[in-house]
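Descriptive analysis of the structure
Here is what each chain is made of, one letter per residue.
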Amino acid sequence: MKLFTSVHDVPNIKQFVNDALALKASPYANQDLGKNKTLGLVFMNPSLRTRLSTQKAALNLGMNVMVMNMDKEGWALETQDGVVMNGSTVEHIREAAAVMGEYCDILGLRSFPKLNNRDEDYNEDFFTKFVQYCGVPVVSLESATRHPLQSFADLITIHETWNPLRVGANAKPKVVLAWAPHVKALPQAVPNSFAEWMCKAQQENMLDFTIAQPEGYELSEDFTTGAKIEYDLETALNGADYIYVKNWSSYKEYGKVLTYPDGWMMNNEKLGLTNDAKVMHCLPVRRDLELSSEILDGPNSLVIQEAGNRLWAAQAVLKTMLEELK
Amino acid sequence: MKLFTSVHDVPNIKQFVNDALALKASPYANQDLGKNKTLGLVFMNPSLRTRLSTQKAALNLGMNVMVMNMDKEGWALETQDGVVMNGSTVEHIREAAAVMGEYCDILGLRSFPKLNNRDEDYNEDFFTKFVQYCGVPVVSLESATRHPLQSFADLITIHETWNPLRVGANAKPKVVLAWAPHVKALPQAVPNSFAEWMCKAQQENMLDFTIAQPEGYELSEDFTTGAKIEYDLETALNGADYIYVKNWSSYKEYGKVLTYPDGWMMNNEKLGLTNDAKVMHCLPVRRDLELSSEILDGPNSLVIQEAGNRLWAAQAVLKTMLEELK
Amino acid sequence: MKLFTSVHDVPNIKQFVNDALALKASPYANQDLGKNKTLGLVFMNPSLRTRLSTQKAALNLGMNVMVMNMDKEGWALETQDGVVMNGSTVEHIREAAAVMGEYCDILGLRSFPKLNNRDEDYNEDFFTKFVQYCGVPVVSLESATRHPLQSFADLITIHETWNPLRVGANAKPKVVLAWAPHVKALPQAVPNSFAEWMCKAQQENMLDFTIAQPEGYELSEDFTTGAKIEYDLETALNGADYIYVKNWSSYKEYGKVLTYPDGWMMNNEKLGLTNDAKVMHCLPVRRDLELSSEILDGPNSLVIQEAGNRLWAAQAVLKTMLEELK
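Source: prediction; values computed, not measured. (Residues numbered from 1 in each chain as written. Chains lettered and ligands numbered in written order. Predicted model: local features only at pLDDT ≥ 70, side-chain atom pairs only at ≥ 80, totals over all residues. Heavy atoms only, no water.)

Before going further, it helps to spend a moment on the interface of chain B and chain C. Taken together, the contacts link 29 residues of chain B with 29 residues of chain C. Interface area, chain B with chain C, both sides summed: about 2700 Å², of which 58% is carbon and sulfur. Inspection of the region where chain B meets chain C yields three salt bridges. Note that Arg94(C) is salt-bridged to Asp297(B), the shortest N-O span being 3.4 Å. Connecting chain B to chain C are twelve residue pairs in polar contact (both at pLDDT 80 or more). Of all the secondary structure elements, the ones that give two or more residues to the side of chain B that touches chain C are α3 (49–60) and α14 (303–324) of chain B. (Contact = heavy atoms within 4.5 Å. Buried area = accessible area lost by both parts, 1.4 Å probe. Salt bridge = Lys/Arg side-chain N within 4 Å of Asp/Glu carboxyl O. Polar contact = N/O pair within 3.5 Å; in protein donor to acceptor, adjacent residues only side chain to side chain. Helix = DSSP H or I, 4+ residues; strand = E, 2+ residues; numbered from the N terminus.)

Rendered as structure tokens:
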């Protein structure tokens, strides 16, 4: 694995989930693998969970870690070719990425969308160029359109908590991605990526996947092929085993917060419609706006376990990359 | 030890001082203890000495360290329950603390008072909730009302420099906490904590403790019980063996800088009233405002040695916590 | 080596280049040397290459690294003695440096010039005081007037790429430092330092050195003694084997961006005047303002290799310092 930017980089997701759970059971068994290897974590945007979990994953594998918070250092990068650099950008991504590749064996990169221009965000220009010029394996720490470490952790969490005895030995869980309100315009990266991983898991017969959102909030079909789409939240929740609550801004009216009907915040009343569903969220979560405190503080919430599994997702990715480095 | 937030968390302060001095003599003897353990340092406010000394202490013990400068990342945390989070706070402390606890074996937390509302600051709401929700042992890196790693280092410094032969084999040193001027309104955390540790040491018959401050600058009695209180600096300094110079804002007129009589800056003339006292300060110090350059650059200053001892204080705390992990 | 601030701190530059190349061939051979030693990197100004390469160099040697971004933490330091500190500076460099020396075995310091007052910048007041008060060996990560780790990496790069068979077994390469345009007023630290190292290498018969700049951009003669000075770029480039492209502001009219004749951007047309010269730049580079994209993306550019060699330069310096610690 030279690149981890989406589910398409993973040959076998079932095996990958099992790899991660093996690392969770035995975190420090592979420290020779990372000896004298350096992971560079490059953040163009803020990070809490992703930075800490990926840093810890690398340390567990015996690696060194260097963090570059480019957003805080005001080191504006030029991405366009053929530009006379007489303005505010101080370095071209061609040099910046190549130089980081000189000092690091693996790089992680976070680069959010600007939410102004859909084509610009969805062609992943910055991310793609960084990968092209740095010359070393790259892990996505969330790009403009995907957050694969989060989605992998989500799948791990579903896998380790699913108890088929509840509903019959061969039953697959029903997983619902449910749009929720927010005050800010958020990227589609987390829901795109979650949808992509769940559609793949559905193909592998691991679960059934439904997306529920108000009109106007449909995600790009590039990420949702195979998913059941619902516009009525209550219909979608009926019989659900997992609810993944998440806000996102409109893809169609790109980056906009549209009006929407009432009743999209997840709460205990809606939970009553489900098969005693477990509730997930990538965090940070706006309490009592996206998701009620009663759920977050109750027995159905998986959000902390899910955040904890970010560590094992990252460690499985880094381990696979290290195994292919010489 | 699951918590280090005040002198009350320490079963035996004499033993703890000796533990720290044993680590100073042999810093790297316990590296197996910290192997594969991670210390997370969470700063809601800036730090120089505390961050470096605690980081170095953890490295000496073989731990990994991850630093989170929450103040610089603009990751505003909500602390109140029952709030609809549709404003500027992006994450609730319940989730933020719990997530950090997932990735770290021990957490350090710095959280200053706001100096607006005394009750809010003195009930240590933020600190207490962080401890409650993170689920792992917590070291205070300075809270709204206390700075116990500093005070522990102060006691270590007094212990290692006190030479009873100067004044008789059984004599105890006279320690004076002396208020000094400053241009900004500073918290009471350092003097509260120093007073608390010195009062405890006085109970243990290790020293005699006096606090000198102008009218209006009295500290909360919760921290000063047993101390001799003086309003005349020269009287207080008479026969002193250690002078701890420090500014703080008013506790009574909470957070205010009050007018005060002249003559509270410590200088050589006042030093002449003492028993050739050693002079301490937690740093950073405002030269020639709180404390004269002639003292800081002269033989009576202990400020650098005292800062150096921050390392051994932190290492003793972390070592004790590590011994109780599993 | 207790200090690395200029070429004058290096007893034998040929040997030092060979030391660095030996480390490049065998990066992890000296990890016992750095065990339980801590490098503190203190940045008063931003850094990308320098921080990462020096951090990685220390890790290769088995050291621990602690980074202090003082510029981002707003910890304004007082450098003048005899000042009543009742203004905006929160700590005196006497205490700040001494405290960092308590926690670190070696310190690295970056401190840029302000470009307001030439005497103030060129007497290196901040840097000199930091060295004086910290009490441990210090590596310059770029001071007001020099960037010796960069220049050392530059010499390493010339040495490892020079193929004397091209022009005769005893021929020395012709190295040209060529001024180039920029939109901002930049320090003279990189060109000063490069000139100083090249003049020393010329003395050692390793190369011939020429500086080309427009009228008014002459560097201080303290750094350029022995160099051939040209005001016509094309004359300077004639027969060049290495071109070091770099902007700097005026030393004479201190810190100013002066008008200059056209034609100082390096491009393929000018490269045609040379002996198929290799092109160097310390980075970050403003593309198509200082140096053309066609050169940077072509076979004559050494800029990435040069940045990579920053690692071995730093590692050679740290190794030498570690060998003399205890």
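There's more to say after this.
All right, on to the pattern of salt bridges then. Applying the stated rule across the entire model yields 41 salt bridges over all chains. The closest approach of N and O atoms between Asp208(B) and Lys172(B), which form a salt bridge, is 3.6 Å. With Asp208(B) in strand β9 (residues 208–212) and Lys172(B) in the loop between α8 (148–161) and β8 (174–179), this pair connects stretches of sequence that are 36 residues apart. In this structure Asp208(B) comes out as partly exposed when scored by relative accessible area, which is 34%. Using a relative accessible area of 30% as the deciding quantity, one classes Lys172(B) as partly exposed. Across the salt bridge formed by Glu323(C) and Lys319(C), the nearest N and O atoms sit 3.0 Å from each other. (Buried < 20%, exposed > 50% of the residue type's maximum accessible area, 1.4 Å probe, protein only.)

Residues and elements named next belong to chain B. Taking 1.5 Å per residue as the helical rise, α3 with its twelve residues ought to reach 16 Å, and the 16 Å between its terminal C-alpha atoms agrees with that figure. Of all the twelve residues making up α3, twelve are buried; the element is thus mostly covered by neighbouring parts of the structure. When we look at burial in α3, the residues that qualify are Arg49, Thr50, Arg51, Leu52, Ser53, Thr54, Gln55, Lys56, Ala57, Ala58, Leu59 and Asn60. A positive backbone phi angle near 85 degrees is found at glycine 62, which sits one or two residues after α3. (Expected span 1.5 Å × (residues − 1).)

Strand pairing in a sheet relies on backbone hydrogen bonds, with the paired strands running either antiparallel or parallel. Residues and elements named next belong to chain B. Reading across from one edge, β1-β7-β6-β2-β3 is the order of the five strands in this open sheet, with parallel pairing throughout. The open sheet is flanked by β1 (3–4) and β3 (64–69), the only strands paired with a single partner. Here β1 runs beside strand β7 (residues 138–140); their pairing, made up of two bridges, is parallel. Looking at β7, one finds that phenylalanine 4 is bridged to valine 139. Contacts from α14 reach β1, β2 (38–43), β6 (106–110) and β7 within the one sheet, and its direction differs from that of β7 by about 165 degrees. (Pairing = 2+ DSSP bridges. Axes fitted to C-alpha atoms, helices over the stretch in contact; angles between N-to-C directions.)

The subject of this paragraph is the environment of Val317(C). All names here are of chain C. Structurally, valine 317 is set in helix α14 (residues 303–324). According to the relative accessible area criterion, valine 317 is buried, its value standing at 0%. In this view, valine 317 contacts Met1, Phe4, Phe16, Val139, Leu149 and Phe152; residues no more than four positions away in its chain are not counted.

All names here are of chain B. Contact geometry of α8 with helix α9 (residues 189–203) gives a least axis separation of 8 Å together with a crossing angle of 45 degrees. Taken together, the axes of α8 and α9 are oblique relative to one another. As for how α8 packs across α9, the hand of that crossing is right-handed. Between α8 and α9, the residues in contact are Pro148, Ser151, Phe152, Asp154, Leu155 and Ile158 and Ser193, Phe194, Trp197, Met198 and Ala201, respectively. (Parallel < 35°, antiparallel > 145°, perpendicular 65-115°, else oblique. Left-handed = near helix turned anticlockwise from the far one by under 90°.)

With that out of the way, let us pick up the relation of the copies chain C and chain A. Rotating chain C by 120 degrees about the axis while translating it 0.0 Å along that axis superimposes it on chain A, leaving an RMSD of 0.0 Å. As the rotation angle and translation indicate, the two copies are arranged about a three-fold axis. Scanning chain C for the C-alpha nearest the rotation axis identifies Lys72(C), at a separation of 4.8 Å. When the interface residues of chain C are mapped onto chain A, a mere 3% of them again lie at the interface, so each copy presents a different face. (Least-squares fit on C-alpha atoms with pLDDT ≥ 70 in both.)

Moving on, we come to the relation of the copies chain B and chain C. In this arrangement, two copies of a chain are superimposed by a rotation about an axis accompanied by a shift along the axis. At an RMSD of 0.0 Å, chain B and chain C line up after a rotation of 120 degrees and a shift of 0.0 Å along the axis. When you check the interface residues of chain B against chain C, a mere 3% turn up at the interface there too, and the two sides of the contact use different surfaces.

In this complex, chain C contributes 29 residues to the contact, which on the side of chain A involves 29 residues. Between chain C and chain A, roughly 2700 Å² of surface is buried when both sides are summed, and carbon and sulfur atoms account for 57% of that area. Ranking the residues of chain C by area buried against chain A places Leu48(C), Arg286(C) and Arg287(C) at the top, with a combined share of 23%. The interface formed by chain C and chain A contains three salt bridges. Applying the counting criterion to the chain C and chain A interface returns twelve residue pairs in polar contact (both at pLDDT 80 or more). In terms of residue count, the dominant contributor to the side of chain C that touches chain A is helix α3 (residues 49–60) of chain C (seven residues). A class-by-class count of the residues in the side of chain C that touches chain A yields 14 nonpolar, six polar and nine charged. (Nonpolar A, V, L, I, M, F, W, Y, C, P; charged D, E, K, R; others polar.)

In terms of nonpolar packing, the biggest core is built from 110 residues, with Phe4(A), Phe152(A), Phe209(A), Ile243(A), Met100(B) and Phe130(B) touching the most fellow members. Per-element tally for this core: the top contributor is helix α14 (residues 303–324) of chain A, with eleven residues. Contacts of Phe209(A), omitting those with residues within four sequence positions, involve Val175(A), Leu177(A), Phe194(A), Ala195(A), Met198(A), Cys199(A), Gln202(A), Ala227(A) and Lys228(A). (Core = buried A, V, L, I, M, F, W, Y, C linked by side-chain atoms within 4.5 Å.)

Residue and element names in this part refer to chain A. Taken domain by domain, chain A holds domain 1 (3–146 + 310–324) and domain 2 (150–307). Put simply, the middle of domain 1 and the middle of domain 2, counted by C-alpha atoms, are 26 Å apart. Each side of the interface is counted separately: domain 1 has 31 residues, and domain 2 has 32 residues. Taken together, both faces of the contact between domain 1 and domain 2 bury some 2700 Å²; the carbon and sulfur share is 67%. In this assembly, domain 1 and domain 2 are joined by two salt bridges. Arginine 146 is paired through a salt bridge with glutamate 196; the nearest N and O atoms lie 2.7 Å apart. Remark: the boundary between domain 1 and domain 2 carries twelve residue pairs in polar contact (both at pLDDT 80 or more). Elements supplying a minimum of two residues to the side of domain 1 that touches domain 2: α1 (13–25), α6 (118–122) and α14. (Domains from an automatic or database assignment.)

A word on the environment of Gly135(C). Inspection of the secondary structure assignment puts Gly135(C) in the loop between α7 (125–134) and β7 (138–140). Sequence-wise, Gly135(C) and Phe194(C) are 59 residues apart; in three dimensions their C-alpha atoms are separated by 28 Å.

All right, on to the sheet that holds strand β11 (residues 242–246) of chain B then. All names here are of chain B. Taking strand neighbours across the sheet as the criterion, the five strands line up as β10-β9-β8-β11-β12 in an open arrangement whose pairing is parallel. The two strands at the open ends of the sheet, each matched to only one other strand, are β10 (228–230) and β12 (278–280). Sheet twist, expressed as the mean angle between neighbouring strand axes with direction ignored, is 20 degrees. Contacting β8, β9 and β11, α9 crosses the sheet at an angle of about 150 degrees to β9.

Residues and elements named next belong to chain A. The residues that UniProt annotates with the feature "binding site: N(2)-succinyl-L-ornithine" (unreviewed entry) are Glu142, His182, Lys246 and Arg286. Structurally, the position occupied by glutamate 142 is in the loop between β7 (138–140) and α8 (148–161). Residue contacts for glutamate 142: discarding those within four places in its chain leaves Leu109, Arg110, Ser111, Phe112, His147 and Ala189. Along the chain, lysine 246 turns up in strand β11 (residues 242–246). Sequence-distant contacts of lysine 246, that is, excluding residues within four places in its chain, are made with Leu177, Ala178, Trp179, Ala180, Leu186, Val190, Pro191, His281, Cys282 and Glu290. (UniProt positions renumbered as here; feature names shortened; annotations may be inferred.)

Let us now look at the packing of aromatic side chains. Under the defined criterion, the tally for this structure stands at 42 aromatic pairs over all chains. Centroid distance Tyr122(B) to Tyr254(B): 5.9 Å. Interplanar angle 80 degrees. Geometry classified as edge-to-face. With Tyr122(B) in helix α6 (residues 118–122) and Tyr254(B) in the loop between β11 and α12 (268–271), the pair connects residues that are 132 residues apart, well separated along the chain. For Tyr254(B), a relative accessible area of 10% puts it in the buried group. Aromatic side chains Trp162(C) and Tyr242(C) sit 6.2 Å apart centroid to centroid with 55 degrees between the ring planes, which places their arrangement in the tilted category. Here Trp162(C), found in the loop between α8 (148–161) and β8 (174–179), pairs with Tyr242(C), found in strand β11 (residues 242–246); they are 80 residues apart in sequence, far enough to count as distant. Taking relative accessible area as the criterion, Tyr242(C) reaches 1% and is therefore assigned buried. One residue, Arg118(B), lies across the ring of Tyr251(B), its end atom 3.9 Å from the ring centre. (Phe/Tyr/Trp six-rings, centres within 6.5 Å; stacked < 30°, edge-to-face > 60°. Lys NZ or Arg CZ within 6 Å of the ring centre and 35° of its normal.)

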